[in-house]
Amino acid sequence: MNNYELITIVGPTASGKTSLAVALAHRLHSEIISADSRQVYRRMDIGTGKDLGEYCVGGETIPYHLIDIVEPGYKYNVFEFQRDFLEAYRKVRSKGLLPVLCGGTGLYVESVLKAYDFAHEDASFPPIRNLLIGVDISRELRREKISARLRQRLDEGMVDEIRGLINSGVSINALLHYGLEYKYVTLYILGELSYQEMFRQLEIAIHQFAKRQMTWFHGMERRGFNIQWVDALLPMQKKTDYICSLLEQEGVLSPTFP
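Keep in mind it's a predicted model, so treat the numbers as computed, not measured.

Rules used throughout
Residues numbered from 1 in each chain as written. Predicted model: local features only at pLDDT ≥ 70, side-chain atom pairs only at ≥ 80, totals over all residues. Heavy atoms only, no water. Core = buried A, V, L, I, M, F, W, Y, C linked by side-chain atoms within 4.5 Å. Buried < 20%, exposed > 50% of the residue type's maximum accessible area, 1.4 Å probe, protein only. Helix = DSSP H or I, 4+ residues; strand = E, 2+ residues; numbered from the N terminus. Contact = heavy atoms within 4.5 Å. Pairing = 2+ DSSP bridges. Axes fitted to C-alpha atoms, helices over the stretch in contact; angles between N-to-C directions. Salt bridge = Lys/Arg side-chain N within 4 Å of Asp/Glu carboxyl O. Phe/Tyr/Trp six-rings, centres within 6.5 Å; stacked < 30°, edge-to-face > 60°. Lys NZ or Arg CZ within 6 Å of the ring centre and 35° of its normal.

## Quick look at the nonpolar core
- One finds Phe 81, Phe 85, Leu 101, Met 158 and Leu 202 to be the most contacted residues of the largest nonpolar core, which totals 54 residues.
- Going through the elements one at a time, strand E1 (6-10), helix H2 (78-93), helix H3 (106-113), helix H4 (139-155), helix H5 (158-167), helix H6 (172-178), helix H7 (180-189) and helix H8 (195-222) are the ones with two or more residues in this core.
- Considering each element in turn, this core owes the most residues, nine residues, to H8.
- Setting aside residues no more than four positions away along its own chain, Leu 202 makes contact with Leu 150, Met 158, Leu 180, Glu 181, Tyr 184 and Val 185.
- Within the second largest apolar cluster, 26 residues are counted, among which are Leu 24, Ile 62, Val 100 and Cys 102.

## Describing the sheet that holds E1
- Judged by pairing direction, the sheet is parallel, and its six strands sit side by side in the order E5-E2-E6-E1-E7-E8 without closing on themselves. With partners counted over all chains shown, the strands left at the sheet margins are strand E5 (64-65) and strand E8 (227-231), one partner each.
- Two elements, strand E2 (residues 32-34) and E5, share two bridges in a ladder whose sense is parallel. Its bridge partner being in E5, Ile 33 is matched across the sheet by His 65.
- Against the sheet, H8 contacts E1, strand E7 (130-136) and E8, and its axis sits at roughly 135° relative to E8.
- Together, E1, E7 and E8 form the strand contacts of helix H9 (residues 236-249), whose direction differs from that of E7 by roughly 155°.

## Quick look at the pattern of salt bridges
- For the coordinates displayed, the defined rule picks out 13 salt bridges.
- A salt bridge links Asp 160 to Arg 163; the shortest N-O distance between them is 3.1 Å. Of this pair, Asp 160 and Arg 163 both sit in helix H5, three residues apart, which is roughly one turn of that helix.
- Several salt bridges share partner residues, and in doing so they unite Arg 38, Asp 51, Arg 153 and Glu 181 into one network.

## Some points on the packing of aromatic side chains
- Within this structure, the stated rule accounts for seven aromatic pairs.
- Pairing Tyr 55 with Tyr 64 gives two aromatic rings, centres 4.9 Å apart and planes at 55°, and the pair type is tilted.
- On the basis of an interplanar angle of 20° and a centroid distance of 5.6 Å, the ring pair of Phe 85 and Tyr 89 is categorised as stacked. Within this pair, Phe 85 and its partner Tyr 89 are both found in helix H2, separated by four residues, close to a single helical turn. Of the two residues, Phe 85 and Tyr 89, both sit in the buried class.
- The structure contains a cluster of three or more aromatic residues connected by ring pairs, namely Tyr 76, Phe 81, Phe 85, Tyr 89 and Tyr 108.
- A cation sits over an aromatic face here: Arg 223 above Trp 216, 5.4 Å from the ring centre.

See below:
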C-alpha cells in the first residue's frame, strides 16, 4: 500500500489541469501547491494564466500556495522552488490533508518527485509517495484551445498588463527572459513587431511550448514515473471519480468518501 502523501496533476498548457486540480482539492477538502515557474510573480496575472477565479468553487476559495510570492524582475529558480514547495507541503500535511501539486513546469515537478538534491548538501530532500495524474489532450484540441485562450487574454488586457509592468520599472530584459507572452508582447510594445506579427509569432511559440511540455512528461515516463493519464474531454465528475478510485485502491480514501 502506497499511502500517498501527494497528488500531482500535470499536463500541457490549456489542457485543463488547473480546473481539475481545483475540483479535486475541493472534493478532498485539501489545498493546491502550484508548480509553475511564472505564476510565482506578482502582477503577472493574465500573461501567466493564473485564472485565480477558477480557485473559487461554490462560493468557497480553494487555498493555494506558491503563486504571487516574488516581485517581477526577480529570477526565481528550481532551488528556491524546492525550498518553498517543501515548506508549503509540510504546512498542508500538518493539517492532515493530501496536497495537490499542479503545474506545467516539468523540471519543478520532477525536482520534488525525484527528490533531486539541488539544494545545499546539508539539506537533503525527502522522498514523497505520490500519485501522478496526467491530463491527456489531443494535439488538435490543444491547438484550438491555445489559440482561443490567447485571443481571450489579449481581450482581457494582457498588453496593458505588460505595459504596466514596464512602466513600474520592470526591465525589458527581465520580461524578455520570461518568454512567451512577455517576450512577444514586449516586442510589440517596443514597436519591433506589429500586432498581427506579435499574435502569429506568439501563437506559434505557445504551440511549440506545449509540445515541449508533453515531450518532458513522456520523458518522465521513460525515466520511471508512472503517469495515470485521464482524458481531457471527460466530464469533471468522471475525472475526479477516477482519481478518487485510485486513492481508494491504496486505502487512502474510504469508498464512502464524497
